[in-house]
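# A structural walkthrough
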Amino acid sequence: MTKRATAIFVDNPDSLYMHSDTIFATTNNANEFESVKAYHHVKFYRKDIQGSCDSVFYNVPDSIITMFYDPVIWNDDNQFTADTIVIKLDSTGVKQIFLNGNVFISQRVDATKYNQINGKNAIVYLDGKNPLYCDILGNAQSIFYLTEEQEDGTNALLGVNVGIGSGMRIYFNENREPTRIVTHTNPDMTTYPIKDFPEEKKTLKGFKWCQDRRPLHVNDIYIHYNMKK
């Protein structure tokens, strides 16, 4: 399939829609899909997860999607980037996300502030749609804004926690927000009051916010983005 090539993976109630310049689909003797390969300007959309990259390989029997070349996925306010991203599905939805090489997990706090975590590799564990926790494996660093919910429902900023360690585990609440970070092996954690947080420490090296690439609606999968190679 070429030009306006589209693959739809039907999964009631939410189907996944994927577009790229070219899509190859293979079937077995029973006419069941074995694999789907998508090349160049790949974007996919489902209500709970969206993604963008240059190339995708979907092993249908194993329910494993592998994203190559500048991949990024979004789950609500959470953004995940790495050199390669592998998504493992089951009957309930997304089960695990493997982030391999130059991992970066970001979440917008407000117009100028972002929770950030990076490391060598990571595994995100989900219950189908919601992230439960994430393990950062190797060279972990984090910037995490501490907030407190007010009576009017807004969050007040209390401080900023900056940490490094050989590994970290990040826990998410039912709203898919990171709520706690546990640092393993030689942790170095510092908490700053908001007014004393140094400007030069606001972003970790390699941070980028990729919302201009995100498909917010099904039709956005046809908007191309020039991928880096």
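You'll find the structure just up there.
These lines cover the structure that appears in this document, whether it is placed above or below. (Residues numbered from 1 in each chain as written. Predicted model: local features only at pLDDT ≥ 70, side-chain atom pairs only at ≥ 80, totals over all residues. Heavy atoms only, no water.)

### Details of the overall build of the protein chain
Per the secondary structure count, the protein chain includes zero helices and 15 strands. For 229 residues, the compact-globule estimate of 2.2 N^0.38 gives 17 Å, and the protein chain sits close to it at 19 Å. Taken over the C-alpha atoms alone, the protein chain extends approximately 60 × 35 × 35 Å along its principal axes. Going through the 229 residues of the protein chain one by one, you find that 45% of them count as buried. Across the protein chain, contacts joining residues at least 24 apart in sequence account for 46% of those joining residues at least 6 apart. Roughly 12100 Å² of accessible area belongs to the protein chain as shown, and the carbon and sulfur atoms make up 49% of that amount. A distance of 6 Å separates the average location of the 24 positive side-chain charges in the protein chain from that of its 28 negative side-chain charges. (Helix = DSSP H or I, 4+ residues; strand = E, 2+ residues; numbered from the N terminus. Rg over C-alpha atoms; globule rule 2.2 N^0.38 Å. Buried < 20%, exposed > 50% of the residue type's maximum accessible area, 1.4 Å probe, protein only. Contact = heavy atoms within 4.5 Å. Areas by Shrake-Rupley, 256 points an atom, 1.4 Å probe, with all protein chains shown as cover. Lys, Arg positive; Asp, Glu negative; His and termini not counted. Charge placed at Lys NZ, Arg CZ, Asp CG, Glu CD.)

### Regarding the environment of Asn173
You can see Asn173 is positioned in the loop between strand E13 (155-172) and strand E14 (178-184). Sequence separation between Asn173 and Val218 is 45 residues, and the spatial gap between their C-alpha atoms is 27 Å.

### A word on the environment of Asn59
In this structure, Asn59 sits in strand E5 (residues 49-59). Sequence separation between Asn59 and Arg213 is 154 residues, and the spatial gap between their C-alpha atoms is 25 Å.

### A word on the pattern of salt bridges
On inspection of all chains with the given rule, the structure shows seven salt bridges. The partner of Asp135 in a salt bridge is Arg169, with the nearest N and O atoms 2.6 Å apart. Of the two residues, Asp135 is situated in strand E12 (residues 131-149) and Arg169 in strand E13; the sequence distance between them amounts to 34 residues. Between Asp196 and Lys195 there is a salt bridge, and its shortest N-O distance comes to 3.4 Å. A relative accessible area of 42% means that Asp196 is categorised as partly exposed. On the accessibility criterion, Lys195 (71% relative accessible area) is exposed. Overlapping salt bridges bring together Asp70, Lys208 and Arg213 as one network. (Salt bridge = Lys/Arg side-chain N within 4 Å of Asp/Glu carboxyl O.)

### Some points on the side chain of Asn161
Within the element layout of this structure, Asn161 appears in strand E13. Setting aside anything within four residues of it in sequence, one finds Asn161 in contact with Ser142, Ile143, Phe144, Leu146, Met189, Thr190 and Thr191.

### Structural notes on the side chain of Gln107
In this fold, Gln107 is placed in strand E10 (residues 93-108). With a relative accessible area of 8%, Gln107 lands in the buried category. Setting aside its immediate chain neighbours within four residues, Gln107 contacts Asp77, Asn78, Lys113, Tyr114, Asn115, Arg176, Glu177, Pro178 and Trp209.

### Considerations on a negative patch on the surface
Residues Asp77, Glu149, Glu151, Asp152, Glu174 and Glu177 make up a contiguous surface patch of negative charge. If you trace the backbone, Asp152 turns up in the loop between E12 and E13. Asp152 sits in the exposed class, given a relative accessible area of 60%. (Patch = residues over 30% accessible without salt bridge, like charges linked within 9 Å, V, L, I, M, F, W, Y side chains within 5 Å.)

### Digging into unusual backbone geometry
With a phi angle near 70°, His40 is a residue other than glycine that sits in the positive phi range. Here His40 shows up in strand E4 (residues 33-46). Its identity is not glycine, yet Tyr69 carries a phi of approximately 65°, on the positive side.

### Observations regarding the nonpolar core
Nonpolar side chains tend to gather and get buried jointly when the protein is soluble and globular. In this structure, Met18, Met67, Ile73, Ile87, Leu99 and Ile136 are the most contacted members of the largest nonpolar core, which totals 37 residues. Setting aside chain neighbours within four positions, we find Met67 in contact with Phe44, Gly51, Ser52, Cys53, Ser55, Val56, Val72, Ile73, Thr84, Ile85 and Ile87. Formed by eight residues, the second largest nonpolar core is a distinct cluster that contains Val160, Tyr192, Phe197 and Leu204. (Core = buried A, V, L, I, M, F, W, Y, C linked by side-chain atoms within 4.5 Å.)

### Concerning the packing of aromatic side chains
As enumerated under the stated definition, the model contains nine aromatic pairs in all. Among the aromatic residues, those joined into a cluster by ring pairs are Phe104, Tyr114, Phe207 and Trp209. Across the ring face of Tyr222, the terminal group of Arg4 is positioned such that the distance to the ring centre comes to 3.6 Å. (Phe/Tyr/Trp six-rings, centres within 6.5 Å; stacked < 30°, edge-to-face > 60°. Lys NZ or Arg CZ within 6 Å of the ring centre and 35° of its normal.)

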